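Summary of structural features
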Amino acid sequence: MRKPFKVGLIIFGVLVALVIVAALVLPMVVDPNQYKGRIAQEVQKATGREFAVEGDIDLSVFPWLGVEIGRMHMANAEGFGDEPMIAVENAEVRVKLLPLLSRELIVDTVVIQNPVIRLAKDEQGRTNWQDILDHMERQAAEKPAEPEQPQEPGASPLQKVELAGLEVENGLLVWSDMQAKASYEVRELNVDVGELSMEAQPFPVSVNCAFVASQPQASGNLELNSVITLMLDQKTARAERTNLKLNIDKLVQQAEGSTQSVTGRLAVAANAVADWGQGVADIQGLKLTSDLRADLESASQGGRATQKISAQSTVAADAVVRWVEGLARINGLALTTDYTVNMADSAAKAAGPQSIAGHVELVGNTEANWTKSVAQVDGLKVNTTFTLDQPASQAGSQPQRMTGKASLATDMRTNWAEGLAQLGKLALTAEANGQALPSGKANLAFGAETMNVNWTTGRLELPRFTAKAYVLDMTGSLQGESLLEKPNLRGSLSVAEFSPRALMQALAMEIPKTADAAALKNASAKLNFQATQDSAAISNLEAKLDETVLTGKTTVQGFERPDIAFTLAANRLNADRYMPPKAAAEEKKPAPAPAPTSAPAEKKPAEESMLQKMTVNGTVNVGQFQAMNVKASDVRMTVRGKDGVFHVDPFSANMYSGKVTATAGATLREQITNPSLALNIANLQIGPLLDDYLGKLGWIGGSTTAKLDLSGQGALDAIMKTLDGSGDVTIQHGLLRGFNIVPGAVSQLFGTVASGSLEKVTKFDQLGARFDIDQGDLDFKRLFMVTADSKVESKGAKVSLAQESLSMPLTMVSNKIPNIKGVPIDTLPLVLSGSYSDLSNLKLGVDEKAFQQIVQQKASGAVQKELQKQLGGKLPGGLGDVLDGSGKSEGSGGTGGTGQPGGGKKSSGNDVGKAIEEGLGGLLGGGKKK
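Residues numbered from 1 in each chain as written. Predicted model: local features only at pLDDT ≥ 70, side-chain atom pairs only at ≥ 80, totals over all residues. Heavy atoms only, no water.

Attention shifts here to the overall build of the protein. Of regular secondary structure, the protein possesses 11 helices and 46 strands. A separation threshold of at least 6 residues defines the contact pool for the protein, and within that pool the share at least 24 residues apart is 50%. Carbon and sulfur atoms make up 56% of the accessible area of the protein, which totals about 54,200 Å². (Helix = DSSP H or I, 4+ residues; strand = E, 2+ residues; numbered from the N terminus. Contact = heavy atoms within 4.5 Å. Areas by Shrake-Rupley, 256 points an atom, 1.4 Å probe, with all protein chains shown as cover.)

Shown next, in the form of structure tokens:
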């Protein structure tokens, strides 16, 4: 046994010696550079692409079997330029020789220096490696199939494999996309991989590089460090102390008129275990930090708007990925961000940039299955605080600051294949404080049990939501269709009872002073709505304000030139409740100072107002209505308008036991112009109407029937000068207060009734007027009044609406006028004149000449002399002087025209008039005017 063993040792020693000798001698007798051409031919044969080895080839055998090759390159495809597709400056690989005899592969560090790989796509979409793939496919098709060689019994794979490391120095990767006119480069690529073996030994990995891109313009560098453990028998790998750092020196995106630029850094740290047998990866302690800055610039009206954004963020989570199942789960997700935003506009007049700074926190648990295209986030909560600084808008003003906080909580489900998202238990709250807010603060809240969104079809479903803002408490529903193309929204809204006064106080609005202090205390509303890009509609409206309930519907078609239709009804409306108190209403405002005179500005063509653009067609019904203390019931009107011309046709209302119908119109553009009115009144009790309107007994009463047809030109404030039309008014069984145009009052003239003992009321059976209006002047075609024992008529009565004045010659005919010593006087000529704006300024007097003529016609010559003789001094006011028509007083021991004993003086026409007016002073309810 010992001899064969000894022989074996000798043979083994000889083989080892031969290997050593070969390792020492072979490099000296064999020149590997003579095989450059053969190497190039074999590569070209395999790839179809020209290959060249320009550098030297160095060979080593012992103790390492190795080769070092100098510069070599592979040509680029035709049409992709002269630069090589692949180039390497130097490459070195060595394998330990003796372990090969024991089927052990021990490789020294593989070194590749200055490698360059250029990949490209031309404008037709052809890549520069496609020809290599095509060539290899042709070779495979042409090569006959080789029979499978059975494995020899006892043959075994390598028993051991070790790689001391891999070093890539100063590499370059280039991707050029000529279709997109974009290029991307990884420069200064350095890769350092530590010792690798078949045993589960950790080895370090280090990668660093710089990168440059053209679309978007970007540059920066990346660094990756980790410790990897490969457990090949368990099909498992572990990455520990993994750190990835990314520095962005420049990231610029440009569009029409705007530029976006980003700089900053990101860092990722984690420990991970991957089991590719089970298809599972477990990532623990994942932490991502970032510090980014962005500059945004865009065009604005008259300048450039800039935004400078700074954000520092941290994300922490644990994750499990099951790629065989297509499942990823992120537990304990926590994100925090601190940010600042500075905004400025070169065209703005503000003293400085507007800025906002804040803090955001987000937590939740996430699960996604990309094979089913679904994901869910449970317990998602977002909390944020912010501070907004607004600079002074102009010199002398103060900058303003707003602070606030907001929170969002929800559960979310998504299916991105179908474009579906569902939010459950949605709760959003916000609170803000600052001088810019009404009353210095605002509180908002929004909630919903579920909200469904389909972003592929643009569908939104919000079956029920709640919202709170200030003192408003709202509920509703919302549904949307085609939100991404032609939005169509519909839903409902209900506002619970609230106090308008409390709302105005919360909004820092001035609460109007109202005649009724209890007004504006209760309001509520509910409605259905629908809206599109160019239309809106409200239906089933029910709005309440105090005791008023408004119901109806309205639609708007087109917002540029809106076509508005509505049907509205209210049970009652007392407008007086909402008017200012009487003391405030009667308070006179100081007259405005006269504007300084200046040259008239050049009149520019008026822009078309919204009133001119809109078309209106609607009806309004009010059960009970009150304004200025005037009451009406069953008020109905139809409103139509187009091109700024509006009509109310028809209008009807029941008022004071009568009925009022009307049509009205006006042009509503820059101001109200060209009004018109056709009014019909039937059996209206004018007395109670005036009593209510004046708040005291009115000056006229009776059952009124009237027909008015009025129109004017120009602006409303000057309409009295241009008013045209006609009218016909009849009042029956009425009275006049403040006037005493009755025969009994005339008896005061003759001294038969004491002055002031009569009631200041004229009762009549009928009062009528028919008139035309021309340029604001009323011309009465007929004016009359019929009492129980008299009739008063007027011919030629005039009223000026512009000057608010009237002049009415009146003729009273009555058989109750006392005779003057047997001379019957049944006709009394009167004149009513003055300004009707104040009834106390109206004057009622006798028409002197007409009265003289009447008396002279009635009295015979003899009777006239007898009257002059016997009664000349007894008639009040010297009426005896007028009986002879001469204007002279003959006197008879009584008082003359002057009221002095003896008389004898000549009486002028003015004296006669004075005498008559003194005698008729009672006609206005008093004696002689002072």
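Two measures define how a pair of helices packs: the angle their axes make with one another and the distance between the axes. It is the contact of helix α2 (residues 36-47) with helix α3 (residues 130-142), at a shortest axis distance of 7 Å, that shows an interaxial angle of 90°. The angle between α2 and α3 places the two elements in the roughly perpendicular class. Contacts from Q44, K45, A46 and T47 of α2 reach α3 at I132, H135, M136 and Q139. Residue composition of the contact of α2 with α3, by class: 3 nonpolar, 4 polar and 1 charged. (Axes fitted to C-alpha atoms, helices over the stretch in contact; angles between N-to-C directions. Parallel < 35°, antiparallel > 145°, perpendicular 65-115°, else oblique. Nonpolar A, V, L, I, M, F, W, Y, C, P; charged D, E, K, R; others polar.)

Summarising the sheet, strand β30 (residues 535-545) and strand β31 (residues 548-557) pair through 9 bridges and their orientation is antiparallel. Considered in β31, the bridge of S535 is made with Q557. Counting the residues that bridge the hairpin from β30 to β31 gives 2 residues, and of these D546 lies at a positive phi of roughly 55°. As defined by bridge partners, β31 adjoins strand β32 (residues 563-574) across 8 bridges and the pair is classed as antiparallel. Bridge pairing links L550 to A570 in β32. (Pairing = 2+ DSSP bridges.)

A separate point is the packing of aromatic side chains. Considering all chains together, one arrives at 3 aromatic pairs under this definition. Taking 6.2 Å as the distance between ring centres and 45° as the angle between the ring planes, the aromatic pair formed by W129 and W175 counts as tilted. Taken as a pair, W129 in the loop between β9 (116-121) and α3 and W175 in strand β11 (residues 166-177) lie far apart in primary sequence, 46 residues in all. Take W129: its relative accessible area is 28%, and that puts it in the partly exposed class. When the ring of F446 is compared with that of F465, the centres are 5.5 Å apart and the planes differ by 25°; the resulting orientation is stacked. With F446 in strand β25 (residues 441-454) and F465 in strand β26 (residues 459-469), the pair connects residues that are 19 residues apart, well separated along the chain. Classification of F446 by relative accessible area gives partly exposed; the value is 26%. (Phe/Tyr/Trp six-rings, centres within 6.5 Å; stacked < 30°, edge-to-face > 60°. Buried < 20%, exposed > 50% of the residue type's maximum accessible area, 1.4 Å probe, protein only.)

A word on the nonpolar core. M655, L684, F780 and M808 are the most contacted members of the largest nonpolar core, which has 48 residues in total. Built from parts of two domains, this core gets at least three residues from each of domain 2 (519-579 + 611-655) and domain 3 (656-863). Dropping the residues within four chain positions of it, M808 is found in contact with F780, L783, S794, A797, V799, L830, V831 and L832. Counting residues in hydrophobic clusters, the runner-up holds 15 residues, among them L426, A448, L460 and A523. (Core = buried A, V, L, I, M, F, W, Y, C linked by side-chain atoms within 4.5 Å. Domains from an automatic or database assignment.)

Before going further, it helps to examine helix α7 (residues 686-694). Within α7 the residues assigned to the buried category are I686, G687, L689 and L690. On an axial view of α7, the arc spanned by its buried residues comes to 160°, and they lie on one face. Contacts made by the buried residues of α7 are with β34 (630-642), β35 (645-655), β37 (672-685), β38 (700-711) and β39 (724-737). Remark: G695 follows α7 within two positions and exhibits a positive phi of approximately 75°. (Arc of directions from axis to C-beta.)

This paragraph deals with the side chain of S703. Its place among the elements puts S703 in strand β38. Leave out the neighbours within four places in its chain, and S703 touches N683, L684, Q685, T730, I731 and Q732.

On the surface, L232, W276, W323, V324, W370, W416, W455 and L484 cluster together to form a nonpolar patch covering roughly 870 Å² of accessible area. Its place among the elements puts W276 in the loop between β17 (258-275) and β18 (280-300). By relative accessible area, W276 is classed as partly exposed at 38%. (Patch = residues over 30% accessible without salt bridge, like charges linked within 9 Å, V, L, I, M, F, W, Y side chains within 5 Å. Salt bridge = Lys/Arg side-chain N within 4 Å of Asp/Glu carboxyl O.)

The next thing to look at is the pairing of strand β8 (residues 110-113). Sheet analysis places strand β6 (residues 90-96) next to β8, joined by 3 bridges and oriented antiparallel. The residue of β8 that forms the bridge with A91 is I112. Two strands pair when backbone bridges link them, and β8 and β11 are joined in this way by 4 bridges, in the parallel orientation. The residue bridging Q113 from the neighbouring strand is E169, located in β11.

Moving on, we come to α2. Here α2 contains 12 residues, and its C-alpha end-to-end distance of 17 Å stays within 8% of the 16 Å for a straight helix at 1.5 Å per residue. Taken as a whole, α2 has its buried residues at K36, A40 and T47. Buried positions in α2, seen along its axis, are confined to an arc of 45° and lie on one side of it. In this structure, α2 carries R38, Q41 and K45 as exposed residues pointing more than 90 degrees from its buried face. Where the residues of α2 are buried, they touch β1 (51-53), β2 (57-60), β4 (72-74) and α3. Directly after α2, the chain includes G48, whose backbone phi takes a positive value near 75°. (Expected span 1.5 Å × (residues − 1).)

Time to look at the side chain of D122. Assignment of secondary structure puts D122 in the loop between β9 and α3. Of the polar contacts made by the side chain of D122, one reaches the backbone nitrogen of R126; its length is 2.7 Å. For D122, the residues in contact, after removing those within four places along its chain, are F80, M178 and Q179. (Polar contact = N/O pair within 3.5 Å; in protein donor to acceptor, adjacent residues only side chain to side chain.)

Per-residue confidence for the protein gives a mean pLDDT of 81; residues scoring 70 or more make up 80%. pLDDT under 50 marks residues 1-26. Its contacts with residues more than four places away, or in other chains, come to 8 contacts. Scored below 50 in pLDDT, residues 753-757 makes 9 contacts in the model with residues more than four places away or belonging to other chains. (pLDDT = per-residue confidence, 0-100.)

If you walk through the whole model with that rule in mind, you get 27 salt bridges. The salt bridge involving D291 is made with R265; its shortest N-O contact spans 3.7 Å. Pair noted here: D291 is in strand β18 and R265 is in strand β17, with a separation of 26 residues, a long-range link. Judged by its relative accessible area of 14%, D291 is buried. Look at R265 and you get partly exposed, because its relative accessible area is 49%. Three or more residues are tied together by salt bridges with common partners; here these are D772, D779, K781 and K798.

Here we take up unusual backbone geometry. Note the cis peptide between Q215 and P216, where omega equals -5°. Looking along the chain, the bond that leaves D649 and enters P650 is cis, with omega of 0°. Tracing the backbone shows P650 in strand β35. Of note in the backbone geometry, H733 takes a positive phi value of approximately 50° without being a glycine.

Moving on to the environment of L288. Its place among the elements puts L288 in strand β18. Expressed as a C-alpha distance, the spacing of L288 and A316, which sit 28 residues apart in the sequence, is 6.5 Å. If sequence neighbours within four positions are ignored, L288 has contacts with A267, V268, S313, T314 and V315.

Among the structural elements, E485 can be located in the loop between β27 (472-481) and β28 (488-498). In sequence terms E485 and Q533 are 48 residues apart; their C-alpha atoms lie 9.6 Å from each other.

With respect to the helices, strands and loops of the structure, L420 is situated in strand β24 (residues 420-434). Residue classification places L420 among the partly exposed residues on the basis of a relative accessible area of 31%. Separated by 40 residues in the primary sequence, L420 and L460 place their C-alpha atoms 9.9 Å from one another. For L420, the residues in contact, after removing those within four places along its chain, are R413, T414, N415, V453, N454 and W455.

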